[in-house]
Amino acid sequence: MKTLSMRFAFLFCIIAVIPLAAQKGAGFSHVEPPFWWTGMKEKQVQILFHHPSIEISQYKAQLQYPGVTLEDQKNVENKRYTFLTLNIGADAKPGLIPIVFTSGKKQIKYSYELKARESGEGRIQGFDPSDVIYLIMPDRFANGDPSNDSIPGMYEGVNRSKGGARHGGDIAGIIGKLDYLSDLGVTALWLNPVLENNQRSASYHGYAITDLYQVDRRFGGNAAYLDLIRRCHSRGIKVIQDMVMNHIGNEHWLVLDPPEKDWIHQFPEFTRSNYRSTVLTDPYKAEGDVQKMNNGWFDTTMPDVNQKNPLFAQYLIQNTIWWIEYAGIDGIRMDTYPYPDKDFMAEWARRVMEAYPKFNIVGEVWINNAGATAYWQDGSLNQDKYRSYLPSLTDFPLFFAVPAALTEQEGWDTGLMRLHETLANDFLYPNPGGNLIFLDNHDLSRFFLLVGRDLRKFKMGLAFLMTTRGIPQLYYGTELLMDGDGGYHPNVRLDFPGGWQGDPVNAFSREGRTVEQNEAFDYLRTLLHWRKTAGVIHSGKLKHFIPENNVYVYFRYNDEKTVMVVLNGNDEEVTLETSRFREMIKNARKAKDVLNGKRIEEIEKMILDPWSATVLELEF
Ligand code: CA
């Protein structure tokens, strides 16, 4: 019964989609990229034409347009596809390129648009250690437009009673909370993938994309996304797009009617990735393990993409360039970075960074080991000579170290020593300051839970995150002391209270938050607003001292400024003699405590509260 009704829904969807798609021109169901630009760094563009019924590969393409030539037409085993490569000369002007497909007496005409590049203020800025990134799961933050909760012809509507269903959050909701985010002090947003996920279930998280050129209409579509980015840029907030190269959703049209069988990795029976990223750097690796890691499917509903197919590789690289140019995004967070073919990923990153030198990309490298993590950062001196061209990495080793440091018994290599030891491995990274550092995210248990719901330790973690090297990333709801266990994902993807009309509590406002939540919020807000203008934290050097008695002291410094950070990991008040830090403190006697604004007249001896962070601007 269930199967029958699902089949019916599927047929209905196909019938509903075809007349709409036909309006795109000449009856093609897909023409991708849907348009391109003049004056791009790369002079060629490969255009995919997909027809729902005609064997378009039997047609020969021709075009006449000043400055543009047809370099190549490639056909593949599925005759409803053809691929054209166009050369776009420096003299080509924006306009419509008339393309004529001819087969005997039959002709199909298509006008392909070349646009002028946009050069708006604040577009494509990149992101760096001067930023604080705030990660939002768009379905779970705020529902600004209930009218898009369910879209006719799309599989999933809204059911807020289920953790794994859609809840209706959208881009309009985020736009409505930009004042809140500016007030908190974040400088960049990373949204979990916003592209269409027209999947039958679990489509809310965004990682099973079914259209690589379309923002999900339940989030507001492309128009809402462009609107969000413009509004963010006008208030000095950057936008980072979450992308996925490893897999697509099983309802993607490229899966339902693939150009070639080898666009998706196929196995005689369902084969899952082993998720063991370390095999890729392991000198003793078994080939079978590497194959499974790279080509096994991430999940049953997420077919694994073959980036070794040259047509698909070009398709994917162009898709990224299209989004940067079209939306003016500032950076990319690339999902599951080690899972796709690594030579393809290097080529992808090289071409993106060459086209947009100010851009930045952070790759998700989920490994608790600095050596195997550092391998993936551009400039790493790898024995196999692999060069990734990837500027930034997720710093999982530091993520694992922080809660351990704040909850373990102090020992030779435990307690706050963990932070010191983890950072001591930075010699492995070509650019440790480029690492993305975080306490939690959409896949991980909430930090407040990890430190035993102890507000003092929570604050220490935040103070450390905002003052050590790297690009800090927060996760929505951290400021509300959300405490979900990541063992079940929906637990850490709860709706932001107040994001939905009729919510009993509105935590976007001071009045809606508890006393403890306001304490956490205010602490973070103070740190972020201070950090925004603290150049020494963005680009200053780091020097730290071996922790003694579970007190960890480090400095961020440049020619103008020195910031001293003291973490006390003891249940008791501690009196700290600062003479051991003379090489950094030099002749400074006074300091300003940036967290409470108080002045300290004498820093020779400091009284530290139990489980506390002290952040001082030294005065020389
Ligand atoms: Ca909505």
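Residues numbered from 1 in each chain as written. Predicted model: local features only at pLDDT ≥ 70, side-chain atom pairs only at ≥ 80, totals over all residues. Heavy atoms only, no water.

A. Quick look at the overall build of the chain. Across its full length, the chain holds 16 helices and 26 strands. Taken over the C-alpha atoms alone, the chain extends approximately 90 × 55 × 50 Å along its principal axes. Looking at the chain as a whole, 59% of its 620 residues are labelled buried. Roughly 25600 Å² of accessible area belongs to the chain as shown, and the carbon and sulfur atoms make up 51% of that amount. If you average the places of the 67 positive and of the 77 negative side-chain charges in the chain, the two averages end up 4 Å apart. (Helix = DSSP H or I, 4+ residues; strand = E, 2+ residues; numbered from the N terminus. Buried < 20%, exposed > 50% of the residue type's maximum accessible area, 1.4 Å probe, protein only. Areas by Shrake-Rupley, 256 points an atom, 1.4 Å probe, with all protein chains shown as cover. Lys, Arg positive; Asp, Glu negative; His and termini not counted. Charge placed at Lys NZ, Arg CZ, Asp CG, Glu CD.)

B. The side chain of N246, seen in detail. By the secondary structure assignment, N246 is in the loop between β13 (238–243) and α5 (253–256). Within the local environment of N246, its side chain forms a polar contact with the side chain of D304, the two groups lying 3.5 Å apart. The residues contacting N246, other than those within four sequence positions of it, are N294, F298, P303, D304, V305, Q307, T336, Y339 and P340. (Polar contact = N/O pair within 3.5 Å; in protein donor to acceptor, adjacent residues only side chain to side chain. Contact = heavy atoms within 4.5 Å.)

C. Main features of the pattern of salt bridges. Scanning the entire structure with this criterion turns up 40 salt bridges. Notably, a salt bridge pairs R160 with D495, separated by 2.9 Å at the nearest N-O pair. Pair noted here: R160 is in the loop between β9 (133–136) and α2 (171–176) and D495 is in the loop between β18 (471–475) and α14 (515–533), with a separation of 335 residues, a long-range link. With relative accessibility at 16%, the residue D495 sits in the buried group. Residue R469 pairs with D426 through a salt bridge whose shortest N-O separation is 2.8 Å. Linking R469 in the loop between α13 (455–467) and β18 with D426 in the loop between α11 (417–424) and β17 (436–438), this pair joins segments that are 43 residues apart in sequence. Residue classification places D426 among the buried positions, given a relative accessible area of 13%. Each member of the salt-bridge network shares a partner with another, and the members are E42, E347, R350, R351 and E354. (Salt bridge = Lys/Arg side-chain N within 4 Å of Asp/Glu carboxyl O.)

D. Highlighting unusual backbone geometry. Between E32 and P33 the backbone carries a cis peptide bond, its omega angle lying at 0°. Positionally, P33 belongs in the loop between β1 (30–32) and β2 (35–37). At R453, a position not held by glycine, the phi torsion is positive, near 55°. You can see R453 is positioned in the loop between α12 (447–450) and α13.

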